[in-house]
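Summary of structural features
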Amino acid sequence: MSVMPMAVGTRRLKIWRGDLTGGGLVDYDLNTEPGMVVLDAVLEIQRSQAPDLAVRWNCKAAKCGSCSAEINGKPRLMCKTRLDHLPPLEPITVEPMKAFPVIRDLVTDVSWNYRVNEQITPFTPRDDLKEGVDLHNGDFLIDQADTDRMSEFRKCIECFMCQDVCHILRDQRMHNRYYGPRFMVRMASLDMHPLDGVDRLDQIADEGGIGLCNITKCCTEVCPEGIHITDNAIIPMKERVVDTHDPLLKVLGRKPNRGRTKPPPRSEDPQL
Amino acid sequence: MAIEHHDYDVLVLGSGGSGLRAAIAAAEAGAKTGLICKSLLGKAHTVMAEGGLAASLGNVAPEDDWSTHFQDTMFGGKYLNNWRMAELHAKEAPDRARELEHWGAVFDRTPERLMSQRAFGGHTYKRLVHIGDRTGLEMIRTLQDRTVHSNVEVFMETTITRLIKDGERVVGAFGYRRASGEQISFSAKALIVATGGGGRIYKITSNSQDCTGDGYALGYEAGAELVDMEFIQFHPTGMVYPPGVAGLLVTEAVRGEGGILRNALGERFMERYDPKRMELSTRDVVARSIYTEVQEGRGSPHGGVFLDVSHLDSAYVRKKLPSMYDQFMELAGVDITKEPMQVGPTCHYFMGGVKVDSDNGESRVPGLFATGEASGGMNGANRLGGNSLGDLLVFGRRAGEGAAAAADASGAVSLPADEVAAAQAEIDGYLNGSGTENPFEMHRELQTIMGDGVGIFRDREDLTDAIAKLDDLQARVGNLKAPSDRPDYNPGWQLCREVKNMLTVSHMIARGALMREESRGAHSRLDHTGYSDYWGEHNIIVHRDGEHDMTLTPIPVVKRGELQELVEARKEAEKAS
């Protein structure tokens, strides 16, 4: 079987240290072990050189989405990025995500995402579920094809790196007008559920702000789960909005899609 | 100085599957409910559960029913389970699975468009509801969304360092917000410990950073009894290479889907250990078998054995085991559709925990409840794969309802000032005291002691030695101090109390393991290799006697007359085969 070369030796990490008042890159040199990931290196620095280095992590298995950071300028999970996959002769820079306020060092305040999620009406079964058609002894009847389509979106581990790299959030700071790719994915997973009874189109278009997305696909590129955010979630929903979301019709009172009802009114737009 | 304070009817510690399910149940029962997360919401260790949720829906195997699931659970637990809990779990898991689907969870389907079910070790029939190999994530996301829309108030990145008692009763909790270090207190008419397990006491573990056994230690300090703490499940298949990922879980679904275990000689060695069930034997058996192969010199280059799915269709593997494919490709540079994985045992799950009433999750301490991995009894000496996701739904709901009922029957509670002051002094000591012990170093020492002396195979000499070393650590634990004294997001400060908790839990495990002079389920003694009739009828209870002394007492297994027939039938069937 093939054995990959695993480089070892001393590497330099440049880690951003600081808080809301400011900060900068600090150099740390470290002896590395075979197969080490960036999180291993950061934790070893924390243990042996910088005991107050703040870093958020939990599963260390690319499943919880806690340890998002910008490694050599690109959003990545620290636990999934091997040192020997980064350019060997250059220092490795590790910085916090930039779309959110920094708390300290590599830890950012991602609570805005949770406020957005609270605005999204959860899955609500359709009123017209037909006995024997959509139900079997209380079990839902769903096609595997529908499951596969939703499953792509439900793989999301909420690392928020797609939010971090989205120009609307990162550069334009329009957190109060666009929910961001993560929640377009969430909306898509709900919207494509064959038995969901909520018409989400107005929210996707208005508070969700899907029109602001200009399809640069940066979010798709950084997704650690390989979700085709732009192609499979955002573009199909944009098309549906164009097809059916007529502002004039809305004023007159657009009828919800068949089998679906409009969600209850929401509170205010989440602020960063 | 006044600190941030909140009043709840029900306070839930822990935001994994059991905590979320309990919080939902409490809130739906009308209780004002608070939920504490040590990490961010939705990041708890439940996201790591891969294989599925065991429920006898009978969608794939119509002959399945609760009684077979009950028998499988009892057999897997070597009959040390709390019978009533195993019964409730088997009976209610199907409804909890359906309920989850009605809350929006999406699972793989059968051709008849029902929830599909897969095979798993120790389960007679195809029983595990699943979605690919990320079932835990699906569950936690579904429960998370249900929670935030159920009027549950959520406290993220908040660490609880002490339960607060008023006389004999638990009335709240104290801790701090990790981001700022600001202290926070909660009063609660009923408090549910749903803090999961404590795998971080071992170096090689599949457990998240959060899994430091906080609930076991806090419950113990508050006067609760714990049961079955000597039974630690080592999952047979963790990654062994590269070193940075050693211990990372390789889901049992790999074997469920047809993966084959081989040693360095190419032998399918499970033929020697369990020819009937082979790779899908119970986890204790497979873990011991792998360990033995490696010890006897038939291991893989990196000290594990080979797990192979390359004989299966490549597209099927990538569809059914996508995260395993990614995990090995990304972290080990191994394409599992073409070459075998190298795997070895990793600390995975605590069968033991706070001893609770089987029906409502109440401990012997008034006001204190426990559920999920933090509670004990359901799994006996060994847990079957798939039974923890069912456990946390069935008993999470029951604990939430139980706590809401207790809160409803209770008058107002308040936190005694001296108790809060003592809790404040403790965490202030870790930050600003004169201690000299580094928590990072002490954690490493603890992991070494537990790995060397209280691992898969145990004997009197090693256990006695480990306990002596734990006693040494105990003498030093009061001297812990964070290497940095800043309060905001200080990992060393966080680790001080966690190390103290882990040490308390390690004592329980080591002492229970020494007391149980037999080999049963996940507990294997090299100096007592067979079953003992006495121990086959007894669980070990741990509790605090007085202020400091840990006491262990064997008590008879909790049986139920009406289930006797089912249990005897399974025992007979096992003898016959």
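The rules we used
Residues numbered from 1 in each chain as written. Chains lettered and ligands numbered in written order. Predicted model: local features only at pLDDT ≥ 70, side-chain atom pairs only at ≥ 80, totals over all residues. Helix = DSSP H or I, 4+ residues; strand = E, 2+ residues; numbered from the N terminus. Rg over C-alpha atoms; globule rule 2.2 N^0.38 Å. Buried ≥ 20, exposed ≤ 12 C-beta atoms within 10 Å, placed from the backbone. Contact = placed C-beta atoms within 7 Å. Axes fitted to C-alpha atoms, helices over the stretch in contact; angles between N-to-C directions. Parallel < 35°, antiparallel > 145°, perpendicular 65-115°, else oblique. Left-handed = near helix turned anticlockwise from the far one by under 90°. Nonpolar A, V, L, I, M, F, W, Y, C, P; charged D, E, K, R; others polar. Pairing = 2+ DSSP bridges. Expected span 1.5 Å × (residues − 1). Core = buried A, V, L, I, M, F, W, Y, C linked by C-beta atoms within 7 Å. pLDDT = per-residue confidence, 0-100.

1. So, the overall build of chain B
The helix and strand tally for chain B stands at 16 helices and 21 strands. Whereas a compact globule of 577 residues would reach a radius of gyration of roughly 25 Å, chain B reaches 23 Å, a difference of no more than 12%. Across its three principal directions, the C-alpha atoms of chain B cover 65 × 50 × 50 Å. Looking at the 577 residues of chain B, the share that counts as buried comes to 63%. Excluding contacts between residues fewer than 6 apart, the proportion of contacts in chain B whose partners are at least 24 apart in sequence is 75%.

2. Points about the overall build of chain A
Per the secondary structure count, chain A includes ten helices and nine strands. For chain A, the proportion of its 272 residues judged to be buried stands at 47%. For chain A, contacts bridging at least 24 residues in sequence account for 66% of all contacts bridging at least 6.

3. Comments concerning the packing of helix H14 (residues 460–477) of chain B against helix H15 (residues 491–515) of chain B
Residues and elements named next belong to chain B. Running from amino to carboxyl end, H14 crosses H15 at an angle of 155°, the nearest separation of the two axes being 10 Å. Accordingly, the angle class assigned to the pair H14 and H15 is roughly antiparallel. Handedness of the H14/H15 crossing: left-handed. Seen from H14, the contacting residues are Arg460, Leu463, Thr464, Ala466, Ile467, Leu470, Leu473, Gln474 and Val477; seen from H15, they are Val499, Lys500, Leu503, Ser506, His507, Ala510, Arg511, Ala513 and Leu514. Its residues placed into classes, the contact of H14 with H15 shows eleven nonpolar, four polar and three charged.

4. Side note on the sheet that holds strand E10 (residues 226–227) of chain B
All names here are of chain B. Ordered in space as E17-E15-E10-E20-E21, the five strands form an open sheet in which the pairing is mixed. Sheet topology places strand E17 (375–376) and strand E21 (549–556) at the edges, where each strand pairs with a single neighbour. Examined bridge by bridge, E10 and strand E15 (residues 353–355) share two bridges and lie antiparallel to one another. From the neighbouring strand, Leu226 faces E15, where its bridge partner is Val354. Lying over the sheet, H15 contacts E10, strand E20 (538–545) and E21, oriented at roughly 45° with respect to E21.

5. Describing the sheet that holds strand E13 (residues 305–308) of chain B
Residues and elements named next belong to chain B. The antiparallel open sheet is built from four strands, whose spatial order is E11-E14-E13-E12. In this open sheet, the two edge strands, each paired with only one partner strand, are strand E11 (232–239) and strand E12 (260–262). This sheet shows a mean twist of 45° between the axes of neighbouring strands, independent of strand direction. Pairing analysis gives three bridges linking E12 to E13, with the strands arranged antiparallel. For Ile260, the partnering residue across the bridge sits in E13 and is Asp308. The sheet contacts of helix H8 (residues 283–295) involve E11, E13 and strand E14 (341–350), and relative to E11 the element is tilted by about 60°.

6. Topic: helix H11 (residues 387–408) of chain B
Compared with the 32 Å implied by 1.5 Å per residue over 22 residues, the 31 Å span of H11 of chain B between its first and last C-alpha is a close match. When you tally the buried positions in H11 of chain B, you get 20 out of 22 residues, the bulk of the element.

7. Notes on the nonpolar core
Here is a general trend for soluble globular proteins: nonpolar side chains tend to be buried in one another's company. Core analysis: the largest hydrophobic core is formed by 249 residues, its most contacted members being Met184 of chain A together with Val10, Leu191 and Ile192 of chain B. Broken down by element, the residue count for this core peaks at twelve residues, all from H15 of chain B. Excluding its chain neighbours within four sequence positions, the residues that come into contact with Met184 of chain A are Tyr179, Ile210, Ile229, Ala233, Ile234 and Met237 of chain A.

8. Looking at the interface of chain B and chain A
The interface is formed by 52 residues belonging to chain B together with 48 residues belonging to chain A. Contributing elements (two or more residues each) for the side of chain B that touches chain A: helix H3 (83–102), helix H4 (135–148) and H15 of chain B. Top element by residues in the side of chain B that touches chain A is H4 of chain B. It accounts for six residues. Residues of the side of chain B that touches chain A, tallied by class, amount to 22 nonpolar, 14 polar and 16 charged.

9. A look at the pairing of strand E7 (residues 158–166) of chain B
Residues and elements named next belong to chain B. Most of E7 is tucked away: eight of the nine residues are buried. Of the strand pairs in this sheet, E7 and strand E8 (residues 169–177) are connected by eight bridges, and their pairing is antiparallel. When the sheet's bridge partners are listed, Lys165 is paired in E8 with Val170. Remark: two residues form the turn of the hairpin made by E7 and E8, two consecutive strands paired antiparallel; Gly167 in that turn has positive phi of roughly 70°.

10. Remarks on the confidence of the model for chain B
Taken over all residues, the pLDDT of chain B has a mean of 96, while the share at 70 or more is 100%. Interface predicted TM-score (ipTM) for the complex: 0.93; the corresponding pTM is 0.95.

11. What to know about unusual backbone geometry
All names here are of chain B. Between Tyr241 and the following residue, Pro242, the backbone shows a cis peptide bond with an omega angle of -5°. Tracing the backbone through its elements, the reader meets Pro242 in the loop between E11 and helix H6 (253–256). Positive phi outside glycine occurs at Asn151, with the angle close to 60°. In this fold, Asn151 is placed in the loop between H4 and strand E6 (152–155). A positive phi angle, near 45°, is found at Tyr489, a position not held by glycine. Take Tyr489: it is sitting in the loop between H14 and H15.

12. Some words on the environment of Val394 of chain B
Residues and elements named next belong to chain B. Inspection of the secondary structure assignment puts Val394 in helix H11. Given 25 C-beta atoms within a 10 Å radius, Val394 is considered buried. It is 7.7 Å that separates the C-alpha atoms of Val394 and Leu88, two residues lying 306 residues apart in sequence. Once residues within four sequence positions are removed from consideration, Val394 is found in contact with Leu88, His89, Glu92, Ala93 and Arg96.

13. Topic: the pairing of strand E4 (residues 74–77) of chain A
Remember that side chains alternate between the two faces of the sheet whenever the strand is regular. All names here are of chain A. Bridge analysis of strand E3 (residues 68–71) against E4 gives four bridges, and the strand direction is antiparallel. Among the inter-strand pairings, Ser68 is bridged to a residue of E4, identified as Leu77. Joining the antiparallel neighbours E3 and E4 is a turn of two residues, in which Asn72 adopts a positive phi near 50°.

14. Let's talk about the packing of helix H13 (residues 439–453) of chain B against H15 of chain B
Residues and elements named next belong to chain B. Running from N to C, H13 and H15 point in directions that differ by 25°, and their axes come no closer than 9 Å. One finds that H13 runs roughly parallel with respect to H15. Taken as a pair, H13 and H15 cross one another with a handedness that is left-handed. Contact residues: Pro439, Phe440, Met442, His443, Leu446 and Met450 in H13; Gly492, Leu495, Cys496, Val499, Met502, Leu503 and Ser506 in H15. Grouping the amino acids of the contact of H13 with H15 by side-chain chemistry returns ten nonpolar, three polar and no charged.

15. Focus: the confidence of the model for chain A
Here chain A shows a mean pLDDT of 91. Residues at 70 or above account for 93%. Within the model, the stretch residues 1–6 of chain A combines pLDDT values under 50 with six contacts to residues more than four positions away or in other chains.

16. Observations concerning the environment of His89 of chain B
All names here are of chain B. Relative to the helices and strands, His89 is located in helix H3. By C-beta crowding, His89 is classed as buried, having 27 other C-beta atoms within 10 Å. With 304 residues separating them in the primary sequence, His89 and Leu393 have C-alpha atoms 9.0 Å apart. Discounting residues that sit within four places of it in the chain, His89 has contacts with Thr73, Met378, Gly390, Asp391 and Val394.

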